[in-house]
Amino acid sequence: MTSRQGRQAIAATAAMGVAVALALPTAAFAQSATQGKETATTTSSGTTYYVSSAHGDDANAGTSENAPWKSLTKVNDIASDLGPGDSVLLEYGSEFNDQYLHIKDTAGNADAPITISAYGDADEGKPVIASNGVKGSQWEQDYRANHKNKGTVSTTLLLKDVSYITVSNLEITNDDADVYDPIDTWKWTDTPDSDGTKLDRSASRMDRTGVAGIAENGATMSNVTLDNLYIHDVDGNIYNKHMANGGIYFMAHYPMENTSAETDVSRFDHVTIRNSTVKDVDRWGIAVGYTAYLNYIDANYGDGSIDDALIAKYGSTNVRIENNYVKGAGGDAITLMYCDRPVIEHNVGDSVSKHINTQDYTQPGSYGGRVAAGIWPWRCKDPVFQYNEMYNN
């Protein structure tokens, strides 16, 4: 990753009820702070499972460093049985190619969250999960609301209806060998791909995510923390803004079974994304809060103001996005949607919206237009944006 020089700050786009503060040097530490920082992992109870691509064997018990599992298949087999205090630790230096991790329908608790992290010698580098769009990583998204709302999605790390979970110290990719467009060598050209890149401009291209958080069971998915992740080369659809498509995307669905929208609401509470780098992803860098319940929040749009009780009931609450670095996203860097008083601070966006141009974004008619921005809110109640930096779009 290239060093950032000639720092620039832009005025944050202020929508109704947005508090804005700018600071050049404070925001600029986000990139360096996410590199080389490893978060200690402890558990107060529960079982710890170890996985090593180099030293493991799936015939092992997997519950000690001396007898780790080899593949994430073993973890997926027990993922829904993970409970308070349980941990899944991947050995530093491991590479899990054509593999993925999908955790669904379970929870830790406030005193003993579920932990997904790393163990061993940090100098060996973060363990890598590279799903590469394989069949097993694919799932069917259908949240039955506005815009494009259904289709096949490949996700490397899927957290669906999971609460009290912390994920840290991982490298995550979802690469397509037929796509090549690294921002470090990308150049604006009048002729598509003449800079050596390869891009799939098909509107029917499969959506991909590095990390997807999905609330769907008609309840609140709460206390989810992503910390010190390196997410890159997620080669998703360059158009789709309203699917789980990009580096990190949290979305709330209608429950698959018909339930009451008055009492059974899928939503998020206490989501924290921090100290992470997101690079070369399509379409979004980091997005949190898009919801199938948007029509309830927007029903009486009027002057654009949002009732406190309405956003607290149908929106996401206690969301913090802090100290992240997003570079080379095809569309927006960081967006909060339908959140109640989120805090977005000390983030840096660099060289995003690289595909929002007439050469790459060739089919804008049905996808909301050829538009993107840096770090911004959509239909949030009193968000606080402070000490962020966005440049070189």
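Structure: above.
Residues numbered from 1 in each chain as written. Predicted model: local features only at pLDDT ≥ 70, side-chain atom pairs only at ≥ 80, totals over all residues. Heavy atoms only, no water.

S.K.: I would appreciate a short explanation of the packing of aromatic side chains in the present structure.
M.R.: Each pair of aromatic rings is reported with the distance of its centres and the angle of its planes. The full count for this structure, using the stated rule, is 12 aromatic pairs. On the numbers, 6.4 Å between centres and 70 degrees between planes, the contact of Tyr290 with Tyr338 is edge-to-face. Of this pair, Tyr290 sits in strand β18 (residues 284–291) while Tyr338 is found in the loop between β21 (334–337) and β22 (339–340), placing the two residues 48 residues apart along the sequence. Each member of the pair, Tyr290 together with Tyr338, is buried. Between the aromatic rings of Tyr293 and Tyr314, the centroid separation amounts to 5.7 Å while the plane-to-plane angle is 25 degrees, which identifies the pairing as stacked. (Phe/Tyr/Trp six-rings, centres within 6.5 Å; stacked < 30°, edge-to-face > 60°. Helix = DSSP H or I, 4+ residues; strand = E, 2+ residues; numbered from the N terminus. Buried < 20%, exposed > 50% of the residue type's maximum accessible area, 1.4 Å probe, protein only.)

S.K.: Which parts of the structure should I look at to understand the pairing of β21?
M.R.: Neither face of β21 is open: one carries Ile334 and Leu336, the other Thr335 and Met337, and all of them are buried. With 3 bridges joining them, β18 and β21 adopt parallel strand pairing. Pairing of Val288 across the sheet is with Leu336, part of β21. (Pairing = 2+ DSSP bridges.)

S.K.: What am I meant to see in the pairing of β18 here?
M.R.: Within a regular strand, the side chains alternate between the two sheet faces. Most of β18 sits out of view: 8 of its 8 residues are buried. Pairing geometry for strand β15 (residues 246–252) and β18, over 6 bridges, is parallel. Bridge pairing in β18 links Met251 to Tyr290.

S.K.: Sorry if this is basic, but what is going on with empty space enclosed by the protein here?
M.R.: Taken as a whole, this structure holds 1 cavity of 30 Å³ or more when the rule is applied. Space inside the largest cavity adds up to approximately 100 Å³. As for the largest cavity, its lining consists of 16 residues, and the residues nearest its centre are Trp186, Lys187, Thr189, Asp193 and Asp360. The residue inventory of the lining of the largest cavity, partitioned by class, reads 4 nonpolar, 6 polar and 6 charged. (1 Å grid on protein atoms, 1.4 Å probe; cavity = no way out; pocket = protein on both sides within 12 Å on 5 of 7 lines; lining within 4 Å. Points joined across faces, edges and corners; volume = space filled by probe spheres on them. Nonpolar A, V, L, I, M, F, W, Y, C, P; charged D, E, K, R; others polar.)

S.K.: What should I look at first to understand the side chain of Thr291 in this one?
M.R.: Within the secondary structure layout, Thr291 lies in strand β18. A residue is classified by how much of its surface remains accessible, and Thr291, at 2% relative accessible area, is buried. For Thr291, the contacting residues outside a window of four places in its chain are Ala252, Ile297, Tyr314 and Tyr338. (Contact = heavy atoms within 4.5 Å.)

S.K.: When you look at unusual backbone geometry in this model, what are you seeing that I'm missing?
M.R.: The phi angle of most residues is negative, glycine excepted, and most peptide bonds adopt the trans form. The residue after Asp282, namely Arg283, is reached through a cis peptide bond having omega 0 degrees. Within the secondary structure, Arg283 sits in the loop between β17 (277–282) and β18. We note that Asn169 has phi near 60 degrees; this positive angle belongs to a residue other than glycine. By secondary structure assignment, the location of Asn169 is in the loop between β10 (165–168) and β11 (171–174).

S.K.: Is there a simple way to explain the sheet that holds strand β27 (residues 389–391) in this structure?
M.R.: As a general point, the strands of a sheet are linked pairwise by backbone hydrogen bonds and lie either parallel or antiparallel. Pairing in this open sheet of 8 strands is parallel, and the strands run β4-β7-β11-β14-β17-β20-β24-β27 from one edge to the other. A strand with exactly one partner marks an edge of an open sheet, and here the two such strands are β4 (95–97) and β27. Neighbour-to-neighbour, the strand axes of this sheet turn through a mean angle of 10 degrees, independent of strand direction. By the bridge criterion, 3 bridges tie β17 to strand β20 (residues 325–327) in an arrangement that is parallel. Residue pairing in the sheet places Thr277 in a bridge with Tyr325 of β20. (Axes fitted to C-alpha atoms, helices over the stretch in contact; angles between N-to-C directions.)

S.K.: Honestly, the layout of surface pockets in this entry has me stumped. Any pointers?
M.R.: A probe as big as a water molecule, rolled over the atoms, marks out the empty space that is left. Counted as a void, the second largest pocket has a volume near 250 Å³. Forming the boundary of the second largest pocket are 16 residues, of which Lys241, His242, Trp284, Trp376 and Trp378 lie nearest the centre. Looking at the lining of the second largest pocket, the elements with two or more residues in it are β18 and β25 (375–378).

S.K.: I would appreciate a short explanation of the pattern of salt bridges in the present structure.
M.R.: Evaluation of the coordinates by the stated rule reveals 21 salt bridges. Residues Arg208 and Asp176 are paired through a salt bridge, measuring 3.7 Å at the closest nitrogen-oxygen approach. Of this pair, Arg208 sits in strand β12 (residues 207–215) while Asp176 is found in the loop between β11 and β12, placing the two residues 32 residues apart along the sequence. An identical accessibility class is assigned to Arg208 and Asp176; each is buried. Of the charged contacts in the structure, one is a salt bridge between Arg320 and Glu322, with a shortest N-O distance of 3.3 Å. On the basis of relative accessible area, Arg320 is assigned to the partly exposed category, the value being 31%. For Glu322, a relative accessible area of 18% gives the class buried. Bridged by salt links that share partners, the residues Asp308, Asp340, Arg341, Lys381 and Asp382 form one connected network. (Salt bridge = Lys/Arg side-chain N within 4 Å of Asp/Glu carboxyl O.)

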